[in-house]
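# Report on the structure
One letter stands for each residue in the lines below.
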Amino acid sequence: MLWELESRSAPPRRSGMDDPGPEGRFGRFGGRFVPESLIPACEELERGFREAWADPAFRAALNQTLALYAGRPTPVTPAARLSAELGVTLLLKREDLAHTGSHKINNVIGQALLARRMGKTHLLAETGAGQHGVATATAGALLGLDVTVFMGERDMERQQLNVFRMELLGARVLGVSSGSRTLKDACNEALRNWVGAVDDTHYCIGSVMGPHPYPWMVREFQRVIGEEARGQCADLLTHAVPDVVVACVGGGSNAAGIFAGFVDTSARLVGVEPEGGAAMTFGQPGVLHGFQSYVLQDESGQILEATSISAGLDYPGVGPEHAHLADTGRASYVTVSDDEAVAAVSRLARTEGILPALESAHAVAWVLRAAGTADLPSGSTVLVNLSGRGDKDADQLARLM
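Keep in mind it's a predicted model, so treat the numbers as computed, not measured.

Read across the sheet, four strands follow the order 7-6-5-8 without closing on themselves; strand pairing throughout is parallel. Across the chains shown, the open sheet's two edge strands, defined by having one partner strand only, are strand 7 (172–176) and strand 8 (201–203). In this sheet, adjacent strand axes meet at a mean angle of 20° when their direction is disregarded. With five bridges joining them, strand 6 (residues 146–152) and strand 7 adopt parallel strand pairing. Of the residues in strand 7, the one forming a bridge with Val-149 is Val-173.

Right under this line is the structure:
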């Protein structure tokens, strides 16, 4: 069978995706660009995370909760039929099988446990596709923490099921009517709210963005994806490491999580952006929501609106560590169209019986396009992080199809 083919090259050791230090810098990117009133809160969070991450008891509690509640480890599934059609060995890291339906639960449980350890009683979150909001509401219900979620009104229209799920779990969902009424604007409102509530509130950022320590902390909470996949691929592949590791990129947390498990190997790392929200492809260095990275902006530095069929990917920036990985050549970033993403949902559903989220479908779409070309030669082994399941997109897909 195709998935028994060996990977093409053995993995040399490389360093990367480490502690960015007290300045929170990944090369020239990252940092902490927030109002002076938020500096103490960020510093308190960094101290709290460093202490917790070094505490075996905290790590044990996190691992136990992820195993007994979130359903970890998630499997790596060989996509046998699609592999045969494409002429490559396609493996899927099944984050769609995690509790709440995506990788978001890994980060949120980590941050919620940390917030409780720090004496916070309220979780504040932003959400685009709603999966981070659902995960935050879920963790709040589990740990007895109040939850407020900001969500753009346009995204609320696209993701009504997730709005209902958040409210059913006890969260307060506040619609944002400013700007493009999407994830960027939800982030703006969440940051403004946090300024006046830092004493008892933890801002639970959903991706590898925001001021230091968030990009580093969220990557560390998502690292479990890559560490699991590294061991699982070692069991499935003769040479242990796939040739290519692929993940969709909006802010970039699912990609950072799986890349962290393979950054020191020979695997090529590929991040896939939506054409209308491709900050890595079309952006310029700038500052957004407290961090420096590639950002979609005009000649005057004004932030441009990102567009995507996927509510979780229409963000005009990208996590600073991804910008650094691109600058150093360790990872490459490509785009796919809305139409390609929709077609990928249908193709994976009909060949493998797996309905991916529109976000995850971007990564699958690149594999469909690249298979058999110089980007992904026949016989290659490729691991796709299937970051979420497509139930939330069913109404939208029904209208589109």
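Between its first and last C-alpha atoms helix 5 (residues 131–143) spans 18 Å; for 13 residues at 1.5 Å apiece the expected length is 18 Å, and the two agree. Within helix 5, 11 of the 13 residues are buried, which leaves it mostly tucked inside the rest of the structure. Within helix 5, burial applies to Gln-131, His-132, Gly-133, Val-134, Ala-135, Thr-136, Ala-137, Thr-138, Ala-139, Gly-140 and Leu-143. Residues of helix 5 that are buried make contact with helix 2 (56–70), helix 4 (104–117), strand 5 (122–127), strand 6 and helix 7 (160–168). Phi turns positive one or two residues past the end of helix 5, at Gly-144, with a value near 75°.

What follows is about empty space enclosed by the protein. Summed over the entire model, instances satisfying the criterion amount to three cavities of 30 Å³ or more. When its volume is computed, the largest cavity comes out at roughly 330 Å³. Broken down by secondary-structure element, the contributors of at least two residues to the lining of the largest cavity are strand 5, helix 5, helix 10 (253–260) and helix 14 (358–370). Its volume calculated, the second largest cavity comes out at about 60 Å³.

For the rest of this paragraph, the subject is the side chain of Glu-273. Relative to the elements of secondary structure, Glu-273 occurs in strand 10 (residues 268–274). No salt bridge is formed by the buried Glu-273. Its closest oppositely charged neighbour is Arg-369, at 10 Å. A distance of 3.0 Å separates the side chain of Glu-273 from the backbone nitrogen of Ala-279, its partner in a polar contact. Excluding residues that lie within four positions of it along the chain, Glu-273 makes contacts with Val-249, Ala-278, Ala-279, Met-280, Thr-281, Tyr-333, Val-334, Thr-335, Val-336 and His-362.

We now examine the packing of aromatic side chains. Evaluation of the coordinates by the stated rule reveals eight aromatic pairs. With a centroid separation of 5.3 Å and 90° between ring planes, the pair formed by Trp-53 and Phe-221 is classed as edge-to-face. You can see Trp-53 sitting in helix 1 (residues 39–53) and its partner Phe-221 sitting in helix 9 (residues 214–236), a full 168 residues away along the chain. Each of the two residues, Trp-53 as well as Phe-221, counts as buried. Ring geometry for Trp-194 and Tyr-214: centres 6.2 Å apart, planes at 75°, overall edge-to-face. A residue pair is termed long-range when its members are at least 10 positions apart, and Trp-194 in helix 8 (residues 183–195) and Tyr-214 in helix 9 qualify at 20 residues. Residue Trp-194 is classed as buried on the basis of its relative accessible area, which comes to 3%. Residue classification places Tyr-214 among the buried positions, given a relative accessible area of 0%. Members of the aromatic cluster, each reached through a chain of ring pairs, are Phe-49, Trp-53, Trp-216 and Phe-221. Above the ring of Trp-53, the side-chain terminus of Arg-59 is found at 3.7 Å from the ring centroid.

The rules behind the values
- Residues numbered from 1 in each chain as written.
- Predicted model: local features only at pLDDT ≥ 70, side-chain atom pairs only at ≥ 80, totals over all residues.
- Heavy atoms only, no water.
- Pairing = 2+ DSSP bridges.
- Helix = DSSP H or I, 4+ residues; strand = E, 2+ residues; numbered from the N terminus.
- Axes fitted to C-alpha atoms, helices over the stretch in contact; angles between N-to-C directions.
- Expected span 1.5 Å × (residues − 1).
- Buried < 20%, exposed > 50% of the residue type's maximum accessible area, 1.4 Å probe, protein only.
- Contact = heavy atoms within 4.5 Å.
- 1 Å grid on protein atoms, 1.4 Å probe; cavity = no way out; pocket = protein on both sides within 12 Å on 5 of 7 lines; lining within 4 Å.
- Points joined across faces, edges and corners; volume = space filled by probe spheres on them.
- Lys, Arg positive; Asp, Glu negative; His and termini not counted.
- Salt bridge = Lys/Arg side-chain N within 4 Å of Asp/Glu carboxyl O.
- Polar contact = N/O pair within 3.5 Å; in protein donor to acceptor, adjacent residues only side chain to side chain.
- Phe/Tyr/Trp six-rings, centres within 6.5 Å; stacked < 30°, edge-to-face > 60°.
- Lys NZ or Arg CZ within 6 Å of the ring centre and 35° of its normal.

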